[in-house]
Amino acid sequence: MSRVFNFSAGPAVLPEEVLKEVADEMLDYNGTGMSVMEMSHRSAAFQEIIDTAEKDLRDLMNIPDNYKVLFLQGGASQQFAMIPMNLMKNKVADYIVTGQWAKKAYQEAQKYGKANKIASSEDKTFSYIPDCSDLPISPDADYVYICENNTIYGTKFKKLPNTKGKTLVADVSSCFLSEPVDVSKYGLIYGGVQKNIGPAGMVIVIIREDLISEDVLPGTPTMLTYKTHADAGSLYNTPNAYCIYVCGKVFKWLKSMGGLEEMKRRNEEKAKILYDFLDSSSLFKGTVVPEDRSLMNVPFVTGDKEMDAKFVKEATAAGLVNLKGHRTVGGMRASIYNAMPKAGVEALVAFMKKFEEENK
Ligand SMILES: *Cc1c(COP(=O)(O)O)cnc(C)c1O
């Protein structure tokens, strides 16, 4: 067996300890004589798995009691529609467009009401976060929407926007559990788990209880109504049971590592190794303004497409894989999520130094 350092943006690297544990439990989970994959979602064994996962997530994020945690299917993209369908009571929402994912959410919301683009960084290929201290928030906006960490462009909101009292909704897919968060500042936080938590196929929604109601846009399907899932403890229908189980293992792993304060420390340490090198390199350069740099997704370029392609090819051969950048940015992107060990980032930087020497 030979493992690579996997810099994929998602689905992405998982903690090796967790993969080993789930492998050990594959044929017989905790004396049940079956895999979690084979288990009824109505069984006591599974109820314990989902309850424990929720409790550990609540502990990690310090989620207040007046928020529900929902484990849903449809990925993060389904939330682009589910959010307006459930929250657009006045049929008005304000969107801050800082990348492709925010743009998709903004476009989807237009199907359900008046979605206003109140700020954008598209003028400079989404390489920065706009000033959000005094935006033209609509007086009747049902919520203000952000994508907190932009997976493709490598930017992160270091300061939340001033929503002037409106409910903040955030897509945190690629920064979920990467650092401590004050949940009470948001009405709804959601993220696809395949970036920084678990396997693909699930989204976690953390929603303040007063935002959950039967008063949704006419025609909203039962399955796309938050109340359906909140009332049923995420067991209205068969959930992605195996994914919930693996995510639960990752929550335990994060707790054993010291929780989100410690993850933040580690993530800052890892990101600094890479950004410091990029800032000193004569060949590679980061594409994001320093003050808005993500700790999770680090895009960089050489400025020469052929050189970029050569780098990606040689890095792959050296066991540093999935470094090709998104097609809209070009170049490279290293996603260095929670489960990427410091040794992986050090190996990448050592390889980049060597490549730089060889290609002067
Ligand atoms: C990957 C990603 C999505 C889309 O996730 P799916 O689960 O594939 O729908 C949405 N938002 C962000 C920030 C992402 O990184």
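Attention here is on the structure that accompanies the text. Worth saying up front: this structure is predicted, and the values here are computed from it rather than measured. (Residues numbered from 1 in each chain as written. Predicted model: local features only at pLDDT ≥ 70, side-chain atom pairs only at ≥ 80, totals over all residues. Heavy atoms only, no water.)

Take the nonpolar core next. Met-61, Ile-204, Ile-206, Phe-284 and Phe-311 are the most contacted members of the largest nonpolar core, which has 88 residues in total. Counting residues per element, this core draws most heavily on helix 6 (residues 241-257), at 11 residues. If sequence neighbours within four positions are ignored, Ile-206 has contacts with Met-61, Ile-63, Tyr-67, Lys-68, Val-69, Phe-176, Val-183, Gly-187, Leu-188 and Ile-189. Core analysis: the second largest hydrophobic core is formed by 35 residues, Leu-72, Tyr-143, Val-169 and Tyr-226 among them. (Core = buried A, V, L, I, M, F, W, Y, C linked by side-chain atoms within 4.5 Å. Buried < 20%, exposed > 50% of the residue type's maximum accessible area, 1.4 Å probe, protein only. Helix = DSSP H or I, 4+ residues; strand = E, 2+ residues; numbered from the N terminus. Contact = heavy atoms within 4.5 Å.)

With respect to the secondary-structure elements, Leu-14 resides in the loop between strand 1 (5-6) and helix 1 (16-24). Take Leu-14: its relative accessible area is 14%, and that puts it in the buried class. Along the backbone, Leu-14 and Gln-110 are 96 residues apart, and their C-alpha atoms lie at a distance of 36 Å. With sequence-adjacent residues up to four places away left out, Leu-14 is seen in contact with Arg-3, Leu-19, Ile-197, Gly-198, Pro-199, Val-250 and Ala-339.

A separate point is the site of the ligand. In the region of the ligand, the neighbouring residues are Gly-75, Ala-76, Ser-77, Phe-80, Trp-101, Cys-147, Asn-149, Thr-151, Asp-171, Ser-173, Gln-194 and Lys-195. Ala-76 places a main-chain nitrogen or oxygen 3.0 Å from an oxygen atom of the ligand. Here the ligand has 380 Å² of accessible area as a free molecule, and 86% of this is covered by the chains. Sort the elements by how many residues they give to the shell around the ligand and helix 3 (residues 75-87) lands first, with four residues. For the shell around the ligand, a count of residues per class yields four nonpolar, six polar and two charged. (Near = heavy atom within 4 Å. Polar contact = N/O pair within 3.5 Å; in protein donor to acceptor, adjacent residues only side chain to side chain. Areas by Shrake-Rupley, 256 points an atom, 1.4 Å probe, with all protein chains shown as cover. Nonpolar A, V, L, I, M, F, W, Y, C, P; charged D, E, K, R; others polar.)

In a beta sheet, neighbouring strands are held together by backbone hydrogen bonds and run either parallel or antiparallel to one another. Spatial ordering of the open sheet is given by 2-10-9-8-5-3-4, a layout of seven strands whose pairing is mixed. Of all the strands in the sheet, the pair left with one neighbour each is strand 2 (67-72) and strand 4 (114-120). Averaged over all pairs of adjacent strands, the angle between their axes in this sheet comes to 20°, without regard to strand direction. Relative to strand 5 (residues 144-147), strand 3 (residues 92-97) runs parallel, the two being bridged by two bridges. Counterpart to Tyr-95 in the pairing with strand 5 is Tyr-145. Contacting strand 2, strand 9 (188-192) and strand 10 (203-208), helix 2 (residues 44-61) runs over the sheet at an angle of about 130° to strand 2. Sheet strands touched by helix 3: strand 2, strand 3, strand 5, strand 8 (168-171), strand 9 and strand 10. Its angle to strand 9, the strand with the most contacts, is close to 155°. (Pairing = 2+ DSSP bridges. Axes fitted to C-alpha atoms, helices over the stretch in contact; angles between N-to-C directions.)

Before going further, it helps to examine the pairing of strand 4. As judged from the six bridges shared by strand 3 and strand 4, these two strands associate in the parallel manner. Across the sheet, Ile-96 pairs through a bridge with Ala-119, a residue of strand 4. Running through helix 4 (residues 100-109), the crossover from strand 3 to the neighbouring parallel element strand 4 is right-handed. (Right-handed = clockwise from strand over helix to strand, strands pointing away.)

Moving on to helix 7 (residues 259-280). With 22 residues, helix 7 extends 32 Å from end C-alpha to end C-alpha; this agrees with the ideal 32 Å at 1.5 Å per step. Those residues of helix 7 that fall on the buried side of the exposure criterion are Gly-259, Leu-260, Glu-262, Met-263, Asn-267, Lys-270, Ala-271, Leu-274, Tyr-275, Phe-277 and Leu-278. (Expected span 1.5 Å × (residues − 1).)

A few words on helix 2. For helix 2, which comprises 18 residues, the first-to-last C-alpha distance of 26 Å matches the rise-based estimate of 26 Å (1.5 Å per residue) to within 8%. Those residues of helix 2 not exposed but buried are Phe-46, Ile-49, Ile-50, Ala-53, Asp-56, Leu-57, Arg-58, Leu-60 and Met-61. Taken together, the buried residues of helix 2 touch strand 2, strand 9, strand 10, helix 6 and helix 7. Just beyond helix 2, the residue with positive phi is Asn-62, at close to 55°.

A few words now on the sheet that holds strand 12 (residues 297-301). Here three strands make up an open sheet; going across it, the order is 11-12-14 and the pairing antiparallel. Single-partner strands in this sheet number two, and they are strand 11 (285-286) and strand 14 (332-335). For strand 12 and strand 14, the ladder comprises four bridges, and the chain directions are antiparallel. Across the sheet, Val-298 pairs through a bridge with Ala-334, a residue of strand 14. Taken strand by strand, helix 7 contacts strand 11, strand 12 and strand 14, and its axis lies near 20° from that of strand 12.

A word on the pattern of salt bridges. In this structure the tally under the stated criterion is 27 salt bridges. A salt bridge links Lys-255 to Asp-59, with the shortest nitrogen-to-oxygen separation between them at 2.7 Å. Placement of the pair is Lys-255 in helix 6 and Asp-59 in helix 2, with a sequence separation of 196 residues. In this structure, a network of salt bridges that share partners links the residues Glu-262, Arg-265, Arg-266, Glu-269, Lys-342 and Glu-346. (Salt bridge = Lys/Arg side-chain N within 4 Å of Asp/Glu carboxyl O.)

What follows concerns the environment of Lys-124. Tracing the backbone through its elements, the reader meets Lys-124 in the loop between strand 4 and strand 5. Residues Lys-124 and Val-288, 164 residues apart in the sequence, show an inter-C-alpha distance of 9.9 Å.

With that settled, consider the packing of helix 1 against helix 6. It is at 10 Å that the axes of helix 1 and helix 6 come closest, and there the two elements cross at 135°. Taken together, the axes of helix 1 and helix 6 are oblique relative to one another. The two elements helix 1 and helix 6 meet at a crossing, and its hand is right-handed. Here Glu-17, Val-18, Glu-21 and Val-22 of helix 1 lie close against helix 6, whose contacting residues are Tyr-242, Tyr-245, Val-246, Lys-249, Val-250 and Trp-253. The residue makeup of the contact of helix 1 with helix 6, split by class, is seven nonpolar, no polar and three charged. (Parallel < 35°, antiparallel > 145°, perpendicular 65-115°, else oblique. Left-handed = near helix turned anticlockwise from the far one by under 90°.)

By themselves these figures say nothing about function.
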